[in-house]
Amino acid sequence: MAGNGEWRTPEEIFAICSEAWGPIGLDAAASHDNFMGGQKFITAEEDGLRVDWGDRIGGLPKVTKWAAWVNPPFRNLIKWVEKSIREADAGLQVIMLLPNDTDTRWFRKLMSRSEMYITRGRIRFLDPEGRGRSHPRQGHIVSVLRPPVTGLIRPTGILGSIRASHKKKEVTTEALL
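Keep in mind that this is a model prediction, so the values were computed, not measured.

1. Comments concerning the packing of aromatic side chains
Here's step 1: Within the structure shown, the criterion is met by three aromatic pairs.
Here's step 2: Here Phe14 and Trp69 contribute two aromatic rings whose centre-to-centre distance is 5.1 Å and whose plane-to-plane angle is 85°, an arrangement assigned as edge-to-face. Taken together, the residues span a long stretch of sequence, with Phe14 in helix α1 (residues 11-21) and Trp69 in strand β3 (residues 67-70) at a distance of 55 residues. For the pair shown, Phe14 and Trp69 are each scored as buried.
Here's step 3: Centre to centre, the rings of Trp106 and Phe107 are 6.0 Å apart; their planes meet at 65°, and the pair counts as edge-to-face.
Here's step 4: With a relative accessible area of 7%, Trp106 lands in the buried category.

2. A word on the pairing of strand β4 (residues 93-99)
Here's step 1: Burial analysis of β4 places seven of its seven residues in the buried class, which makes it a mostly covered element.
Here's step 2: Relative to β4, β3 is paired through four bridges, and the arrangement is parallel. Each bridged residue has a counterpart across the sheet, and for Ala68 the counterpart in β4 is Val94.
Here's step 3: Crossover handedness for the path β3 to helix α3 (residues 77-89) to β4: right-handed.
Here's step 4: With six bridges joining them, β4 and strand β6 (residues 140-145) adopt antiparallel strand pairing. Along β6, the bridge assignment pairs Leu98 with Ile141.

3. Brief notes about the pattern of salt bridges
Here's step 1: Applying the stated rule across the entire model yields six salt bridges.
Here's step 2: Arg56 is the salt-bridge partner of Glu46, the closest N and O atoms lying 3.1 Å from each other. Of this pair, Glu46 sits in the loop between β2 (40-43) and α2 (53-57) while Arg56 sits in helix α2, placing them ten residues apart in sequence.
Here's step 3: Taking the relative accessible area as the measure of exposure, Glu46 reaches 35% and is therefore partly exposed.
Here's step 4: Salt-bridge contacts for Lys83 lead to Glu87; the nearest nitrogen and oxygen are separated by 2.7 Å. Taken together, the residues span about one helical turn, with Lys83 and Glu87 both in helix α3 at a distance of four residues. Comparing Lys83 with Glu87, the two get one shared label, buried.

4. Remarks on unusual backbone geometry
Here's step 1: With phi around 65°, Asp47 is a residue other than glycine that occupies positive phi space.
Here's step 2: Residue position: Asp47 is located in the loop between β2 and α2.
Here's step 3: Given the relative accessible area of 22%, Asp47 is considered partly exposed.
Here's step 4: Positioned with a positive phi, Asn76 is a non-glycine residue whose angle comes to about 55°.

5. What about the nonpolar core?
Here's step 1: Of all hydrophobic cores here, the largest spans 25 residues; its most connected members are Trp53, Met96, Leu98, Trp106 and Leu110.
Here's step 2: Top contributing element to this core by residue count: α3, with six residues.
Here's step 3: Filtering out sequence-adjacent residues up to four positions away, Leu110 remains in contact with Val81, Met96, Leu98, Met116, Ser143 and Leu145.

Reading the values: the criteria
- Residues numbered from 1 in each chain as written.
- Predicted model: local features only at pLDDT ≥ 70, side-chain atom pairs only at ≥ 80, totals over all residues.
- Heavy atoms only, no water.
- Phe/Tyr/Trp six-rings, centres within 6.5 Å; stacked < 30°, edge-to-face > 60°.
- Helix = DSSP H or I, 4+ residues; strand = E, 2+ residues; numbered from the N terminus.
- Buried < 20%, exposed > 50% of the residue type's maximum accessible area, 1.4 Å probe, protein only.
- Pairing = 2+ DSSP bridges.
- Right-handed = clockwise from strand over helix to strand, strands pointing away.
- Salt bridge = Lys/Arg side-chain N within 4 Å of Asp/Glu carboxyl O.
- Core = buried A, V, L, I, M, F, W, Y, C linked by side-chain atoms within 4.5 Å.
- Contact = heavy atoms within 4.5 Å.

Printed below as a string of structure tokens:
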């Protein structure tokens, strides 16, 4: 995906994340032509690293707790991870889609703070015309950052997997045994 920040997450990946941890009311790393969820989004021009995500979601109906979706540009990910942790600490559930780079500082930081789900197979992100990338370089993870609850210790680390097949409509989570 080098050179193009406009690759779109396949709908089936977003759908399982929304069903498992949603509803998702904000795409925090989007563009006017490429956003997930159909609610609210933050563009690169607005800079999702500087905008308060909770304030942006604040205008949505208060019927439920909304989550933020973050599939950031895959450069300088430590800033997106740190921002997502701050937003979760402030009360917002954050769902991140990231490369499976286990030897990075940002990955270790997430490993001790979030639920993580690895992809089985590689996600074929879609180009602006809707065509899938033919040869993804690596697998991915979904990281779920939840707001802290006094007296509760949440499980962290790799808890399961998500099928990443772009060919099948079915996307499931299964525990790793």
